[in-house]
Amino acid sequence: MTLRHMKIFVSVFRHSNVTRAADELHLAQPSVSFAIKELEDYYGIRLFERIGKRITPTETGKEFFGYALHIVSMFDEMEKKIRNWDAIGTIRIGASITIGTHILPPLLKRYQSDYPDLRTEVMIKKSAAVEHHILDNDIDIGLIENQPEHPDIIALPFMEDFLQAIVAPDHPLAECSEITLEQLAEYPFLMREKGSAGREILDACFALRQIAVRPLWESSSTQAIVRGVAEGLGVAVLPCLLVKKSIEEHAVKMIPFTLPLTRKLNIIYHKSKYLTNSMNAFINLCKEYGSGE
């Protein structure tokens, strides 16, 4: 007894006619009749009464139909779902705090318009945590602010961001057209916490120039740092994406660096990850967004 038998029985039951069932299933009529006989022999029951050219289901046949229909329907649903899983399944995305706050929302709005039935799960954490989740297969694709070091992680740059010096509008440096890290380091520094992508880049720049800086503030909150700078408590270096709004509102003043501090924002995934069509579509969308398309 196979799924084929079930499908044939359901069709015969619905049509109450072997010939029409055979036409629907693209089978020869004797094959349909033989399949029904095999079912009856297998269970030792009579499924249809045959009176002349007409067949009608027995009470047992009616009971059997409920089970058969459920089995066939479940199989058809499984076939449809699995074959279309790329469009109706789930994609798991991880993003760093900066990217998750300023880039991911408009990206996902565009993505979900292309894949309305796809469930998109998002995790927003530090870049290092996103890398760990990629390695543990907790997420499919990550968007981070640094270059991963683990050999099992593939990184694709998709956008460039700048680290900008910010000061209070009435700060002594506010009138400078450009600035160096050495000049900035003469003032109290408000910095992101250790382990954040922006802090790692800034610490590396200080080390390269042999500049010793002891931060006055360390915070995981960018807004707290911006507010502190606006109140004249110190200076800071933050990603352009994070301070753009505060600069436009004139809460703080941005000063370009003489030597720009740039960084690549990366799409990451595990080297062994099978990328579905929907995952590749998300990666391509990130690249388009980063190039300004």
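This text follows the structure it describes.
## Notes on the pairing of strand 2 (residues 54–57)
The pairing of strand 1 (residues 48–51) with strand 2 spans four bridges and is antiparallel. Pairing of Glu49 across the sheet is with Thr56, part of strand 2. If you look at the hairpin formed by strand 1 and strand 2, you'll find two residues sitting between the two strands, and Gly52 has a positive phi there, around 65°.

## Let's talk about the pattern of salt bridges
Per the counting criterion, the structure on display carries 17 salt bridges. When the shortest N-O distance is used, the salt bridge between Arg263 and Glu145 registers 2.7 Å. Of this pair, Arg263 sits in strand 11 (residues 261–270) while Glu145 sits in the loop between strand 5 (141–144) and strand 6 (153–167), and the two are 118 residues apart along the sequence. Among the charged side chains, a network of salt bridges with common partners joins Lys194, Arg199, Asp203 and Glu218.

## What about the side chain of Ser219?
Note that Ser219 resides in strand 8 (residues 217–219). Once residues lying within four places of it in the same chain are set aside, the contact partners of Ser219 are Met191, Arg192, Glu193, Ala224 and Ile225.

## Section: the packing of aromatic side chains
If you walk through the whole model with that rule in mind, you get nine aromatic pairs. With a centroid separation of 5.1 Å and 35° between ring planes, the pair formed by Tyr111 and Tyr115 is classed as tilted. Look at Phe189 and Phe206: their rings are 5.5 Å apart centre to centre, the planes differ by 90°, and that puts the pair in the edge-to-face class. Residue Phe189 is found in the loop between helix 9 (181–184) and strand 7 (190–192), and its partner Phe206 is found in helix 10 (residues 197–208); the two are separated by 17 residues along the sequence. Residue class for Phe206 comes out buried when judged on its relative accessible area of 4%. A connected cluster of aromatic rings, assembled from ring pairs, spans Phe9, Phe13, Tyr42, Tyr43, Phe48, Phe64 and Phe65.

Rules used throughout
- Residues numbered from 1 in each chain as written.
- Predicted model: local features only at pLDDT ≥ 70, side-chain atom pairs only at ≥ 80, totals over all residues.
- Heavy atoms only, no water.
- Pairing = 2+ DSSP bridges.
- Helix = DSSP H or I, 4+ residues; strand = E, 2+ residues; numbered from the N terminus.
- Salt bridge = Lys/Arg side-chain N within 4 Å of Asp/Glu carboxyl O.
- Contact = heavy atoms within 4.5 Å.
- Phe/Tyr/Trp six-rings, centres within 6.5 Å; stacked < 30°, edge-to-face > 60°.
- Buried < 20%, exposed > 50% of the residue type's maximum accessible area, 1.4 Å probe, protein only.

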